[in-house]
Amino acid sequence: MWIPTEHEKYGVVLASFRGTVQHGLPLEIGDTVQILEKCEGWYRGFILKNPNVKGIFPSNYIHLKNAVVKNKGQFETVIPVEDSVITEMTSTLRDWGAMWKQLYVKNEGDLFHRLWHVMNEILDLRRQVLVGHLTHDRMRDVKQHITARLDWGNEQLGLDLVPRREFGMVDPDEISVTELYRLMEHRHRKKETAAPASTHHLFVHVKSLMSANLGEELEVYFHIYDGRENRPLSERFFVRLNKSGLPKWPEKTERQCTLFVDLGSSDLRKDVYIIVHIIRIGRMGAGEKKNTCSVQYRRPFGCAVVSIADLLTADSKDDHLLKVYACNTESEWYQIHENIIKKANSRYNLSGSNTGLAVALQLLHGDIEQLRREYMGLFTRGVCITRKLGFSDIIMPGEMRNDLYITLEKGEFEKGGKSVARNVEITVYVLDVDGQILKSYMVAGSGEPGGDEYHSLVLYHNNSPRWAEQIKLPIPVDMFRGSHVRFEFRHCSTKDKGEKKLFGYSFVPLMQEDGRTLPDGIHELIIHKCEENTSLADCSRYLKLPFSKANLPSNNQTLKATKESFWITSFLCSTKLTQNGDMLDLLKWRAHPDRINDSLSKLKEIDGSEIVKFLQDTLDTLFGILDESSQRYGLKVFDSLVHIINLLQDSKFQHFKPVMDTYIESHFAGALSYRDLIKVLKWYVDRIVDAEHQDHIQQVLKASEYIFKYIIQSRRLFSLATGGQNEEEFRVCIHELFMSIRFFLSQENKGTSPVAQTQAVFLRTFPAIYSELLKIFTVREVAGFARETLASLPSVVQADSPLEAVKLQCISKTVESQLYVNPESRCILLPVVLRVLQTHLQEQRDLVMCARILTSMLSLIKKEENGTVVSSPLEPAVSEEVELIVESLLGVLLRTILEISNRPQPAGPSMRLQFQDVTGEFVACLLALLRQMSDKHYQKLLQAFSNKDDLRDFLLHVFTVFRILIRPEMFPKDWTVMRLVTNNVIITTVLYLSDALRKNFLTDKFDYKVWDSYFYLSVIFINQPCLQLESFSPSKRKKILEKYGDMRVMMGCEIFSMWQNLGEHKLNFIPAMIGPFLEVTLVPQPDLRNVMIPIFHDMMDWEQRRSGNFKQVEAKLIDKLDSLMSEGKGDETYRELFNSIIPLFGPYPSLLKKIERETWRESGISLIATVTRLMERLLDYRDCMKLGEVDGKKIGCTVSLLNFYKTELNKEEMYIRYIHKLYDLHLKAQNYTEASYTLLLYDELLEWSDRPLREFLNYPMQSEWQRKEYLHLTIIQNFDRGKCWENGIILCRELADQYESYYDYRNLSKMRMMEASLYDKIMDQQRLEPEFFRVGFYGKKFPFFLRNKEFVCRGHDYERLEAFQQRMLNEFPHAIAMQHVNQPDQTIYQADAQYLQIYAVTPIPESQDVLQRDGVPDNIKSFYKFNHIWRFRYDRPFHKGTKDKENEFKSLWLERTTLTLVQSLPGISRWFEVEKKELVEVSPLENAIEVIENKNLQLRTLITQCQSRQMQNINPLTMCLNGVIDAAVNGGLARYQEAFFVKDYIMNHPEDGDKIGRLRELMFEQAHILEYGLAVHEKYVPQDMRPLHKKLVDQFHLMKSSLGIQEFPAYVRASPVHFTNGSPRTCRNSVPSIISPDGGRGVARRSSYPAVNRYSSSSLSSQASNEVSNITGQSESSDEVFNMQPSPSTSSLSSNHSASPNVTSSAPSSARGSPQMAEKHKHSRENACLSPRDRPVSAIFPNPLDPAQRAPPHQIGDTTLPRSDPNLSAPDKVRPTPSSWSLDNVKEGAPSFSDYPGKPKCPPVPPRPPYSAGSSAKNTRSQSPGPTSRSPQKAAVPPFTPSPTECQSTSLVSNSPVLSGSYSSGISSLSRCSVSEASGTELPAGDHPPYPQPPPIALPNSVSSGSDEPIRRENKTPPPYSVYERNNPRRPVPLPHSLSIPPQTDPPALPPKPHQIRTGSMKLEGTSDPRVPRPRPLPRKVSQL
């Protein structure tokens, strides 16, 4: 049975549990669980991070922990009982864990690894804390370390700053807001700037000396040297090195390492150096033989110098190799370091090229105790301390030091009868009073223990040696008296076995008889002659002698005159000994009572360090004198006491204050002193007003704190001794003293007067007195003193008076003092404090101080409330306090915050920080105050307003201030805790104030401004980033919800209730509040949305009542939606919420449901639908814009939105904005053509007028003409960059016309030159031909603008199908590529996934006329092939009926799909949606006709290119001939004969007679072309390919015979072989049966979805039927085809498998592989890849043209008639003409298939010569408005030598001169290569006469009537391509009439002249086309754009 647990409430999972049992809860190791019930070894509960899922788990998997349960029962929360640091660590590490993994994913390796180390470190420290074996100090250090690490990690990861006190997290509810702010501020500051350490230490570790010529032991001395003052700053550090240059005692680290301690910040400068002197111990001369002398001398070796400043920049852990220098002359050894510093190179040199001292040097910062903690290893291992010479900057009281430093400076010696100078060595001893040598007190430097004696350097042959060696004598104080130092001088002989001969000595006593020590400074000592060591044994003999020349009596001339002298410098650093006689005199005052006056006077001149040494003794002396003779010395003693007290204010001695405090508490014994002290103090105070000089009085008042301490302590001692006698007298004295003080404070003076300064001095020290007074007086009495003293200050003082600031400081210290903490005193002091604060805040003065005071006051109130005091009777006192503060300061505080926030911020960074601090502190004070306020306080506050205007101003102030508090910059980014507290206070206050708003400003006196301010505040409140809980981690969200709930919902409910109260006043807020409320509904919080969305219904309802519609609501909604969505607000659910008909959870039905009940529901529902659709697009747009680089998705999305704004919303300004956004995207993606088209949309909205336009986007204020000119120029530039020069030319002409009309010839000239340059570029520069791909986007996961739609996309340069597919999959990484082209079913449409279906398609050019004209260069034609394309085609082969295995061509049909787009490509996007889809089937016979036609065309093109020498290589022609002839030999054409020329077929298909005849003609034509091609081939074939040529000729004869051609038919034979364009050409007439009623196979199927594919060729292969069903999604590269060999087994017409590789390589990929649709009976290898020969190709088949271009109905009868009459003989049918094979005609006719007869056809082109040598104009131009004919220049038909420009065929082969590989079949190779050309040359049916016509008698075909010419021009040459095509009348967007193509005229030819283009815009000719008016796409609303 399950029992609720009592104690087992909280645990940690020890091992993972899968939860496989019924109701099992899966657990992971480390999870924390809350336990609800238990049962027989099982627990039931939940994981804390997911409390919604409950389950059971084994109890032995859980480690239980102690916990506290709050709210026992259903909603209980469990808090573990553990150290708060542990709790924080655990939760923080959990949060970090998830983020740490994300760092890895984001590739932020550096932070990833650093965080990993820190996390491990924290875990390690956590273990130490949990184990609990740490000492208290160590625990403190560990916690400090942990919190530092946690803060570091939080900062790095951008998490919140945690407020802490004593390492534990602080609950913001437990402390006042002001205190919370202080904690946050302190932590923030700490994070920003670490306080620079004031003390520094240098760590030195000697490693070794490297030198080639060692061999002697060395002594190395380090010291720190001040280069500016040329003096050492520290003692010496001394290391001994052995003969190898390594430390002599390597095991003793303290002898190799030292710490130079107590360097001040001033010592870390460039001219402070580390000096290293190296001394060798050995022979006199470095090169002497080893055995000459056994005596060792200390001799100079070298010196090294390094600047301390270098260590600040260098990596401190690096070892330094110091260069060692030697001096050139030994006598300069004493100053070698100075020479090195000064770089006096002549005086020193390197002691050896490779000599160097290896040393580790590191600067450490902080006090020595801190270092001991941080570098424990250093101190435990051992390091010696090297002190500064003298005391450090701050002297510590307990410091004990007694060091005498003696420096051996120099000597002057006589020769002593020698011919050369002496080698002098000094031996130093220190002897005690008894003459005994003191052992171990002779220290050469730290690092080595002290010795008994010291031997100086020996300088060779020098009678004036200078040593500059420093030694330290650390002699104890008690040994100082009577001790002396003796210096013995010896000559060191280099001969006589190196003995050292004594020749003199000097000595110096350490203490004088009066007790003073040897004074600091230089001493010139007398050298006493002495040659016997024994004579020094008794020191009493020489101590009577004089020792210093300065002390000699004037009569002792003999010693003064002697030349020999010895100089030393002494320096004493002692905390116990003094060199000052005045000090000694004062301390021994009883011995000399007569000197007391003098000694007290001299006390002020004594150095402070001497006084603090003897502080206690000095104070005892002063109070002793006072007790004995207070009358006589009272004033002097008082002054001396003041001097000493003020001395301790100095930073150097401030640490001695505790010494004085201790003295007062423990040692002071002057029980009677208080009377004298009070008396003298009052005497001084009474004289302040009259005194001329205030300096001394100010010193007295500065010391008043300690004077009061002495007074109070003295009085307490007296009371203790006497049992409290004279109490009243004492109180009277104190009261009198305060009266005197109040009198002098009440004096009004100018701020700069001395009295005012004295007042300021007193006020600074006054608060320090309180604590002393409290020792004797009651709290109320002391508070009374304070209040009266503060109140006595003059109330009116100049604002700039320094006294005001001091007064505030005094109040601040009062509030922070112990006195104010007591509630009793607070009620006395509060009014005074509030009065001063109010004055200052009103005048905006001293705000920093005011903030500080307020902060302290409010912190105390909170403490009281939290303490136990609340329940006591004092609670009313706290409430009264709050009331008082609210009454005095709330209003002024609000004004102050407003004032500060609106002030411009100061410039300096330090000022700015202070400025921010003040704002923050005032805000914290306001929040603290508001948080204290209860109902009662609010009621009193609101009742206090006498009239509504004041209340209104107050409410406005509050709301405005709250808006300021919500600003993101109010607090630093990571102060979430502070922000949440702020919001909690705001919402509480707003709830109180909304009542006042309702009661006072609704009915009688509605005030829009207050209500508006209220709503605006509420909206901003809800939208704050720190309240968007969805963006937080689950743990953070949970904490916030537990503590505060969702404050957004609370505020939302408040908005709703206030809105409901408004009634008819709601109209005031429509439409102003629509935007703000909409912003609120975009917050993804369901409850909030449910509350807010009904407000929109209300708005629509009220607006409908007011004006009968809600246009205003609609307009505002749409505008605001756009700006909000682009800011990243709103989501999918929101759209559904707006649109949903289902009532949503919560009390409110959906918006739509509400609207449906209204009378105006139709317009309402329409609005909702529009808004929903807009939101779909905006959401898509926003999601796309979040991505990084520009891709098709972004562009497509922007296009969708732009069109929506234009067509559905008619919002011109938004439309133009999105035009520019799209333009920028295109530029970024380098889609220059698309960018031009996009900008053209804006350009078209403008007129050539002088209307002024306002500044908009990046455009300046300018006229409409200027902006349109700028746009034109920009568009031309982009068309140029996009190589779309033809479009640029049109705009150039338009601009040129404008310039011409204004006579601006300068610009006209430039424009004409630009136009000319564009023409040059068309002719000279190569343009890449783009590929086109059809893409289907299926599935619900796609954005709305793509979902379940098809598009055609223009590929990038060089982009083939595989690359395009990969790019699309990269753009949609979650999409699945469909491997077939079948139409998807509904499951895919509705799937929650993304499916992409991609295949290549072929463009169908519109401008057939240009493409079919002779002599138009390919450079020009290429533009018309791939621009202004509306329609695309895709073919899929399939078998209908039974498949003949012997000859598959009998049943091989084509399914041809034509896609029509909503706009032509290229346009404003690289892709456009498919608007219409047509599907037709092509019969096998028609297919065969097309294949042979295409192959013939390809052959002609290659022959032409070969003849015109455009080919550098004849291979392409060779391969093409070989492919056709070889295939024919192997049965290529024979297969067609078998299929279509047999009796059965003709009998079964009588209607195909015409087509069979046409096929026969084409076969004969092919044979003729081949014959001609072989002739050309023979002429150009290289020698090595002759055998192949011969083989081709033989095979051609075989082919002719297999076709049954012995001789060509008459019409073929009669035509000589000169082609108009250099190659034979046959008529390509259309295939009427496709569209004819009797052509039964012409199925015009249309489907809404493409079940289409493109197959690689004409599909004539014998193997095609086997492989048709193979599906592939990719095309192979052309290289794979190059080595394909012809297959003998392939039938001669095996056409579709191997298109010529030379063609595929340059043809668009639409001609190569693409996915293809499977046949109805799919092959088992459905998804296998096709082999290269199976690659599908499409686009070789003609396609129905657009209805606008189709022939009129009366022509249809003609087109359906057969082309050849079987009854006519061949010669009758066709009349031979010289130009019958002219290529000129190849381009004219092409089959076309229409949906059904009856649609108008495109204008016809003249018939082909084989059928009519010169047909009449009626037949030729039957659809032209006027009679037209060929131009005259075509009359002469040149022989077969075309010019390069004339014979450029549309085939792509012309651009591929070098080709390789071979063709496996002849006819097939056409299919691929004609991908583009076929489509480029297709014309609709009806472009030829129904049967051959005789030539007209009057007009030969080459002659044109002269009268036709102008008409032809007018009608035939509209612009070759309209830049404004998007407005074509046959599309939804109309075409401007100036550029429209007249529907019944011929297709455009060459670019027309300007006036012929712009008849609409420039009325140069009076004939503008009335049929097509120029549309204005948008009504101009934004008139000034």
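The coordinates are above.
Fair warning: this is a prediction, and the values are worked out from it, not measured in the lab.

**Q** Give me the lowdown on the sheet that holds strand β24 (residues 424–431), citing residues and values where you can.
**A** Ordered in space as β25-β24-β27-β28-β30, the five strands form an open sheet in which the pairing is antiparallel. The strands lining the two open edges of the sheet, one partner per strand, are β25 (454–455) and β30 (528–529). Sheet topology note: the strand β28 (residues 500–509)/β30 ladder contains two bridges and is antiparallel. Residue pairing for β30: G504 is matched across the bridge by K529.

**Q** Give a description of the pairing of strand β34 (residues 1332–1338) that names residues and reports values.
**A** In terms of residue burial, β34 counts as a mostly covered element, since seven of its seven residues are buried. Here β34 shows a buried face lined by F1332, R1334, G1336 and Y1338 and a second buried face lined by F1333, V1335 and F1337. By the bridge criterion, six bridges tie β34 to strand β35 (residues 1349–1354) in an arrangement that is antiparallel. Note that in β35 the partner of F1337 across the bridge is K1349. Pairing between β34 and strand β37 (residues 1395–1404): seven bridges, direction antiparallel. Opposite R1334, over in β37, you have Y1399 as the bridge partner.

**Q** Lay out the nonpolar core in plain terms, naming residues and giving numbers.
**A** Among the nonpolar cores identified, the biggest contains 292 residues, and Y710, F922, F1015 and F1077 are the most heavily contacted of them. The leading source of residues in this core is helix α29 (residues 875–902), at twelve residues. Contact partners of F1077, with chain neighbours within four places excluded, come to F1015, V1019, I1055, W1059, M1092, I1095, F1096 and M1099. One finds L473, F566, L572 and L577 within the second-largest nonpolar core, a separate group that totals 56 residues.

**Q** How would you summarise the sheet that holds strand β11 (residues 199–210) if you had to cite specific residues and measurements?
**A** Taken together, five strands build an open sheet; the order of strands is β18-β21-β11-β15-β22 and the sheet is mixed. Either end of the sheet is taken by a strand with one partner, and the two such strands are β18 (319–323) and β22 (384–386). Each adjacent strand pair in this sheet contributes to an overall mean axis angle of 35°, direction not counted. By the bridge criterion, six bridges tie β11 to strand β15 (residues 257–264) in an arrangement that is antiparallel.

**Q** Run through the pairing of strand β38 (residues 1429–1439), naming residues and quoting values.
**A** For β38, the buried fraction is high: eleven of the eleven residues fall into the buried class. Summarising the sheet, β37 and β38 pair through three bridges and their orientation is antiparallel. Bridging from a neighbouring strand, P1403 pairs with F1432 of β38. Pairing of β38 with strand β39 (residues 1452–1465) involves ten bridges; the strand directions are antiparallel. Bridge pairing in β39 links F1432 to L1459.

What counts and how
All chains use their own residue numbering, which begins from 1 and follows the written sequence. Only residues with pLDDT of 70 or above have their local features reported here, since the model is predicted, and side-chain atom pairs are shown and tallied only from 80 upward, although totals for entire chains, interfaces and linings are computed over all residues. Side-chain measures were taken over the full set of non-hydrogen atoms in the model, leaving aside hydrogen atoms and water. When DSSP locates at least two bridges between a pair of strands, those strands are taken to pair. Helix and strand labels come from DSSP, where a helix needs a run of H or I of at least four residues and a strand needs a run of E of at least two; each type is numbered from the N terminus. Burial status follows relative accessibility: with a 1.4 Å probe on protein chains alone, a residue under 20% of its type maximum counts as buried, one over 50% as exposed, and anything between as partly exposed. As used here, the term nonpolar core means buried Ala, Val, Leu, Ile, Met, Phe, Trp, Tyr and Cys residues forming a set that is joined through side-chain atoms within 4.5 Å. When checking whether two residues touch, look at their non-hydrogen atoms; a contact exists if any pair is within 4.5 Å. Helix axes are fitted only over the stretch in contact, all axes being lines through C-alpha atoms; the angle between N-to-C directions runs from 0 to 180 degrees.

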